[in-house]
Amino acid sequence: MQRDLASFSLSPAIRVKLVSAGFQTAEDLMEVKPCELSREVGISREEALETLQIIRRDCLTHKPKYAGTSESGKKYTALELLEQEHTQGFIITFCSALDNILGGGIPLMKTTEICGVPGVGKTQLCLQLAVDVQIPECFGGVAGEAVFIDTEGSFMVDRVVDLATACIQHLHLIAGTDKEEEHQKALEDFTLENILSHIYYFRCHDYTELLAQVYLLPDFLSDHSKVRLVIIDSIAFPFRHDLDDLSLRTRLLNGLAQQMISLANNHRLAVILTNQMTTKIDKNQALLVPALGESWGHAATIRLIFHWEQKQRCAVLYKSPSQKESTILFQITPQGFRDAVATAASSQTIDSLNFRKRSREPEEES
Amino acid sequence: MPFFSARSGNMGHKKLRRVGLSQELCDRLSRYQIATCQDFLSLSPLELMKMTGLSYGGVQELLRTISRACAPQMQTAYEIKTRRSADFSPAFLSTTLSALDETLHGGVACGSLTEITGPPGCGKTQFCIMMSVLATLPVNMGGLEGAVVYIDTESAFTAKRLVEMAESRFPRYFNTEEKLLLTSSKVHLYRELTCDEVLQRIESLEEEIISKGVKLVIIDSIASVVRKEFDMQLQGNIKERNKFLAKEASLLKYLAEEFSIPVILTNQITTHLSGALPSQTDLVSPADDLSLSEAIVMKNEPTLKRQASSKMTVDGIGTRTRDNLSKAIGTSGSSCVVAALGNTWSHSVNTRLILRYLDSDRRQILVGKSPLAPFTSFVYTIKEEGLVLQANRGHRDTVTFV
C-alpha cells in the first residue's frame, strides 16, 4: 500500500501532475473518486479513471501487469521443473546422431541457434523441422504447426514438398510394419496438403518488418495455439547491412532474443534462429566465427555450428545447458536432412574431431 | 563514398501519418525526429512513453498498430505452392542444357539470385548472352517472352554474338530477319563502370522492369567494379565492400521476388597463394574450392590430369599451379581457387554455378550451392550456338569420400 506512484505504469505527464498535487504513494489514491481526482490534479475525468483503475488493479493482485505476458515471474521448484522437462517434447530431425547429442531432438521451450557457412545446410534443417514438427504424437512427434519467418528469400516450396513427401513415406513404412490402428488413423490427416497448410510463412525484407512481425507474434500464436515451432531464417541478414549504429543493433537484437525466449516459454514452442558466419582477423589469421558479435552468443540457449570438414558436413553442439559438447556428421539427401553414411574415413574424422583439444573458437582448425 | 539510397521498397519507411495515428501524436513524435515506422520500432517502450506521453499499456497498443502496418502478410506454404502452379509465369527459366535443367528442377530459378563464377574465358559471358536470347523467346519454347536488362561492367557484350547464337541455336524460329530484330530490340544493354553507377542503375530498375516488361536481369560482372574500387589491402575496406554488396544483394532480391524473375550475376575467382593468409574463410563449400573438385575429376578420369596441368598458365586471376593438383585434398597451406567477393556475398546468392576448365576444349559446369540440387557437374563446350553439354547425365558427387 505504501507503494510509490513512480512504480506504476502511468504516463509520465500524469505522474508529474499527481506528484505536484501531493499524491506520493498508492495509498493516497485509494479513497479518491475519479471526479475529485480530475479536479484536484487538473486532468480529464477519463484520465483520472484510467489512473485509478491501474492503481487498484495492480495493488489488488500484487503483481505488475504488462500487456502480452501472463506467466512471467512464475515460481517453480526444481522437482516441478524436472517433471515438466520429462514430458516436454522434442522435435526430431531425422538425423539420429544429431537427435542423440541434443538429447532427443530440438527441445521445446528453448531457443536454438544454428550457425554455419553458406550452403552447409542451415535452411535445409529448418525446412526439415518445419515438416517434422507436424509428425503425429503416436509416432513420437509433437503434432504441432510451424511459423517460418524468412529474411533471405531462401524458402523454396519445391524443396518442402520433397521433404514432406519423404516424411509421409517414412511414416507409412513404420505404420505398415506396426499395423497399429491409431497409426493408420493418424496418417489419414498427415497429407501433403495438410503439412503445407500448417507452415505459416512470413517474408520480412528488412529489420523493421522483422521487429514488427515479432511484436505481432504473440497475438498470432494465441490465435494459432497449435504452433510448436518458430523459425527465423536468418536473423543475421537484416541486421548486417542496413544498420550502421552497432549499439542500436545490439539493443534490438537483445530485445528480440528476450521476446523469443518469452514466446518459447509462454506458448510452449521451440525457437530456431539461423546465423551466418563472418571473418575475423586475429593475429594474422583469418577465422570464421558466428556473426552478430560477441554479445549475441549469449542470446540463444543452445548453439549448433555447422561446418565442412574435408568433404563432410559436420554439426558441433557448441553450447547447451544440459548436453555435452560433441560433433557429428550429417548429410543432405534428396529426402532431406539425414545421418551421414558411415565409412571408415568418416568415423576417423569424427574421432579426431571429438578428441581434439577444443579451443573456444568455432573455426575450422587445419 | 558511394551514395546509399534509403529506399529499398519495404514497409519500414512508411510514414507514421499514413498509419492512422492522430495528427497530434505525429507532431509530437516528429519533434523527436520520429517520422517513419522504422524510427518508431527502433525505440524501447520507455523512450516511447516519454515521447508520446502515453501509459505503458497505451504504448503497447500503439506498437501493435504500427507493427500491423508494416508487418508482412502471412501465407501458408500450401498457398505459395498453389499460387505458383496457377501462375502463368513459370517458376524457372530453362537453360536448354537439359541435364542441367533437370538437376535444377527446371533451370535458373525465378525469384532468386543465381551466380555464375569461374576463371576468365570460361564462358560466363557466353552463358549470359545465351540466357538473354532464351528469355526473349515465347513461353511455348521455354522462354519468358519478355525483355532483358543486361548490365555490362566489362564491355564484354557484343550484339553480333547475340544474333549469331540466336540463329545457330534456333534456326527454325529465327528464320526471318524480323524475328532477330525483335529479339535484339528486347535486350537492353547498360554499360556501367563504377560501383556508384551500378547501384544507381539497380535502384532505377523497378520502373524499367514495369515499363519494358523485363523478365530477366543480368549483371556481368558484379565482381569487376567492386574489386577495382575496394582495395582489399586496406583495413576498413572489407567492411565497406561487404556493406555495398549486401545492399546490392538486398535490392536485387527484392526485384527478383517482387516480379518473380530470375537474376543472373557473374563473379570472378580469386587465388589464395600459400604464404598469404591460410584461410578457410572463403571456402564456403567443397564445391567452391575449385582445386578440391579437381580431385574428383582426377579420381574418375586420371588421364586428364597431365593435360589439365599443362594447360594452366599463369594468368593473373585464375592461377593454378601444378603443385595444387597433387595437394588438392589438403587445403591448409596450399594455393586454392575460390569464388571472389568473400563469405558474406556467398550467403546472399541463392544458387551458385561454377565454371572451370578441363582441357583446351572442354569445360565443366558445377552446381556449387543450391537449395534444390546436390553437387553435380556437367561437361560442356562452347560452340557457335553457345554452351553445349557433352555427356547426357551429370556426374554427381557423393558426399562421403574415401
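Chain A has the name DNA repair protein RAD51 homolog 3 in an unreviewed UniProt entry, where Nannospalax galili is given as its organism. Quoted verbatim from the Sequence similarities (unreviewed entry) field of the UniProt record, the comment on chain A reads "Belongs to the RecA family. RAD51 subfamily."

> Would you take a moment to explain the overall build of chain A for this structure?
Counting secondary structure elements, chain A contains 14 helices and 13 strands. As presented, chain A carries roughly 16500 Å² of accessible surface, and 51% of it is formed by carbon and sulfur atoms.

> Mind showing me how you'd approach the overall build of chain B here?
The secondary structure content of chain B amounts to 16 helices and 15 strands. Looking at chain B as a whole, 56% of its 402 residues qualify as buried. Counting only contacts in chain B whose residues sit at least 6 apart along the sequence, the fraction spanning at least 24 positions is 67%. Summed over its atoms, the accessible surface of chain B is roughly 17400 Å², and 51% of this surface lies on carbon and sulfur atoms.

> Just checking my understanding: could you explain the packing of aromatic side chains for this structure?
The geometry of an aromatic ring pair is captured by two quantities: the separation of the ring centres and the angle between the planes. Residue and element names in this part refer to chain A. Applying the stated criterion across every chain, the model contains 13 aromatic pairs over all chains. Through a chain of ring-to-ring contacts, the aromatic side chains of Phe-148, Phe-155 and Tyr-201 assemble into a single cluster. Between Arg-338 and the ring centre of Phe-94, over which it is positioned, the NZ or CZ distance is 4.8 Å.

> Is there a simple way to explain the pattern of salt bridges in this structure?
For side chains of opposite charge, pairing can occur when their charged atoms come near one another. On inspection of all chains with the given rule, the structure shows 13 salt bridges over all chains. With a closest N to O distance of 3.4 Å, B:Arg64 and B:Glu61 form a salt bridge. With B:Arg64 and B:Glu61 both in helix 4 (residues 56-70), this residue pair falls 3 residues apart, about one helical turn. A single salt-bridge network, built from bridges that share partners, covers A:Asp219, B:Glu61, B:Arg64 and B:Arg68.

> I tried to follow the interface of chain A and chain B on my own but got confused; where do I start?
Interface size is commonly expressed as the accessible area that is lost once the parts come together. Contacts between chain A and chain B engage 71 residues on the former and 66 residues on the latter. When the two sides are added together, the surface that chain A and chain B hide from each other amounts to roughly 6300 Å², 62% of it contributed by carbon and sulfur. Of all residues in chain A, A:Pro118, A:Tyr215 and A:Lys311 give up the largest surface area on contact with chain B, accounting jointly for 12% of the area buried on that side. The interface formed by chain A and chain B includes 3 salt bridges. Here chain A and chain B share 13 residue pairs in polar contact (both at pLDDT 80 or more) between them. When residues of the side of chain A that touches chain B are assigned to their parent elements, the largest contribution, 10 residues, is made by helix 11 (residues 207-223) of chain A. Of the residues that constitute the side of chain A that touches chain B, the class distribution is 33 nonpolar, 20 polar and 18 charged. Pairing geometry for strand 5 (residues 199-203) of chain A and strand 1 (residues 75-76) of chain B, over 2 bridges, is antiparallel. Bridged to A:Tyr200 within strand 1 of chain B is B:Thr76.

> In this structure, what is going on with helix 1 (residues 23-30) of chain B? I would like to understand it.
An α-helix turns once per 3.6 residues; consequently, residues spaced three or four apart project the same way. Residues and elements named next belong to chain B. Looking only at helix 1, the buried set comprises Leu-25, Cys-26 and Leu-29. The arc enclosing the buried residues of helix 1, seen along the axis, measures out at 100°, which places them on a common side. Buried positions along helix 1 lie against helix 2 (37-41), helix 3 (45-52) and helix 4.

> Before we go on, may I ask you to explain the UniProt feature "domain: RecA family profile" (unreviewed entry) in chain A in this structure?
Within the UniProt annotation, "domain: RecA family profile" (unreviewed entry) is assigned to residues 87-277 of chain A. Between the first and last C-alpha atoms of residues 87-277 of chain A the distance is 35 Å; the span itself is 52% helix and 18% strand.

> Whenever I open this one, the confidence of the model for chain B confuses me. Can you help?
Do not read the fine detail of predicted coordinates wherever pLDDT is low. All names here are of chain B. The predicted model of chain B averages 76 in pLDDT, with 76% of residues at 70 or higher. Between residues 274-284, whose pLDDT stays under 50, and residues either more than four places distant or in other chains, the model counts 30 contacts. Across the whole predicted complex the pTM is 0.75, and at the interface the ipTM reaches 0.71.

> Explain the nonpolar core to me, please; I cannot follow it from the model alone.
Across soluble globular proteins, nonpolar side chains show a tendency to be buried alongside one another. Core analysis: the biggest nonpolar cluster contains 64 residues, and A:Ile91, A:Leu98, A:Phe155, A:Leu229 and A:Phe306 have the highest contact counts within it. The dominant element in this core, judged by the number of residues it contributes, is helix 8 (residues 157-178) of chain A, at 9 residues. In terms of nonpolar packing, the next biggest core, distinct from the first, is built from 57 residues, A:Leu211, A:Leu269, A:Leu273 and B:Leu43 among them.

> Quick question: what am I supposed to make of the sheet that holds strand 4 (residues 145-150) of chain A here?
In sheet architecture, strand pairing relies on hydrogen bonds along the backbone and comes in two forms, parallel and antiparallel. Taking strand neighbours across the sheet as the criterion, the 10 strands line up as 13(A)-12(A)-11(A)-10(A)-3(A)-7(A)-6(A)-4(A)-5(A)-1(B) in an open arrangement whose pairing is mixed. Looking along the sheet, the strands with just one partner apiece sit at the ends: strand 13 (336-339) of chain A together with strand 1 of chain B. On the sheet, helix 11 of chain A packs against strand 4, strand 5 and strand 6 (227-233) of chain A and is oriented at approximately 165° with respect to strand 4 of chain A. Sitting on the sheet, helix 13 (residues 246-266) of chain A is in contact with strand 3 (111-116), strand 6 and strand 7 (270-275) of chain A, with an inclination near 150° to strand 7 of chain A.

> Just to check I follow, could you spell out the pairing of strand 8 (residues 263-267) of chain B for this structure?
Two faces make up the sheet, and in a regular strand the side chains alternate between them. Residues and elements named next belong to chain B. Burial runs high along strand 8: 5 of the 5 residues are buried. Both faces of strand 8 are covered, namely the face carrying Val-263, Leu-265 and Asn-267 and the face carrying Ile-264 and Thr-266. As paired elements, strand 4 (residues 113-117) and strand 8 share 5 bridges and run parallel to each other. The residue bridging Thr-117 from the neighbouring strand is Asn-267, located in strand 8. By the bridge criterion, 3 bridges tie strand 7 (residues 214-220) to strand 8 in an arrangement that is parallel. Directly across from Ile-218, in strand 8, lies its bridge partner Ile-264.

> Mind showing me how you'd approach unusual backbone geometry here?
The omega torsion across A:Asp233 and A:Ser234 is -10°, close enough to zero to call that bond cis. On the secondary structure map, A:Ser234 appears in the loop between strand 6 and helix 12 (237-241). The step from B:Asp220 to B:Ser221 runs through a cis peptide bond, and the omega angle for that step is -5°. One non-glycine residue with positive phi stands out, namely B:Thr96, at about 65°. Mapping B:Thr96 onto the fold places it in the loop between strand 2 (92-93) and helix 6 (98-103). Relative accessible area serves as the criterion here: at 32%, B:Thr96 is assigned to the partly exposed category. For B:Ser155, which is not glycine, the phi torsion reads 55° and is therefore positive.

> Hey, could you run me through the packing of helix 11 of chain A against helix 4 of chain B in this one?
Axis angle and axis distance: for two packed helices, these are the angle between their axes and the distance between the axes, and together they describe the pair. Here helix 11 of chain A crosses helix 4 of chain B at 120°, and the two axes come no closer than 8 Å. As judged from the angle between their axes, helix 11 of chain A and helix 4 of chain B are oblique. The two elements helix 11 of chain A and helix 4 of chain B cross, and the hand of that crossing is left-handed. Seen from helix 11 of chain A, the contacting residues are A:Thr208, A:Glu209, A:Ala212, A:Tyr215, A:Leu216 and A:Asp219; seen from helix 4 of chain B, they are B:Leu63, B:Arg64, B:Ser67, B:Arg68 and B:Cys70. Counted by class, the contact of helix 11 of chain A with helix 4 of chain B contains 5 nonpolar, 2 polar and 4 charged residues.

> Mind showing me how you'd approach the confidence of the model for chain A here?
All names here are of chain A. Of the residues in chain A, 89% have a pLDDT of 70 or more, and the chain-wide mean is 83. Per-element averaging of pLDDT across chain A places helix 14 (residues 344-355) at the bottom with 63 and strand 4 at the top with 95. Segment residues 63-72: pLDDT under 50, and 7 contacts once partners within four positions in sequence are set aside and those in other chains are kept. Taken together, the stretch residues 357-366 has pLDDT below 50 and engages in 24 contacts with residues farther than four places along the chain or on a different chain.

> Would you explain the packing of helix 7 (residues 124-136) of chain B against helix 8 (residues 159-169) of chain B in this entry?
All names here are of chain B. At a minimum axis distance of 9 Å, the contact between helix 7 and helix 8 shows a crossing angle of 65°. Considering the relative orientation of helix 7 and helix 8, their crossing is right-handed. When helix 7 is examined against helix 8, the residues Gln-126, Ile-129, Met-130, Ser-132 and Val-133 are found in contact with a partner set consisting of Arg-161, Leu-162, Met-165, Ala-166 and Arg-169. Here the contact of helix 7 with helix 8 is built from residues that sort into 6 nonpolar, 2 polar and 2 charged.

Rules of the game
- Residues numbered from 1 in each chain as written.
- Chains lettered and ligands numbered in written order.
- Predicted model: local features only at pLDDT ≥ 70, side-chain atom pairs only at ≥ 80, totals over all residues.
- Heavy atoms only, no water.
- UniProt positions renumbered as here; feature names shortened; annotations may be inferred.
- Helix = DSSP H or I, 4+ residues; strand = E, 2+ residues; numbered from the N terminus.
- Areas by Shrake-Rupley, 256 points an atom, 1.4 Å probe, with all protein chains shown as cover.
- Buried < 20%, exposed > 50% of the residue type's maximum accessible area, 1.4 Å probe, protein only.
- Contact = heavy atoms within 4.5 Å.
- Phe/Tyr/Trp six-rings, centres within 6.5 Å; stacked < 30°, edge-to-face > 60°.
- Lys NZ or Arg CZ within 6 Å of the ring centre and 35° of its normal.
- Salt bridge = Lys/Arg side-chain N within 4 Å of Asp/Glu carboxyl O.
- Buried area = accessible area lost by both parts, 1.4 Å probe.
- Polar contact = N/O pair within 3.5 Å; in protein donor to acceptor, adjacent residues only side chain to side chain.
- Nonpolar A, V, L, I, M, F, W, Y, C, P; charged D, E, K, R; others polar.
- Pairing = 2+ DSSP bridges.
- Arc of directions from axis to C-beta.
- pLDDT = per-residue confidence, 0-100.
- Core = buried A, V, L, I, M, F, W, Y, C linked by side-chain atoms within 4.5 Å.
- Axes fitted to C-alpha atoms, helices over the stretch in contact; angles between N-to-C directions.
- Parallel < 35°, antiparallel > 145°, perpendicular 65-115°, else oblique.
- Left-handed = near helix turned anticlockwise from the far one by under 90°.

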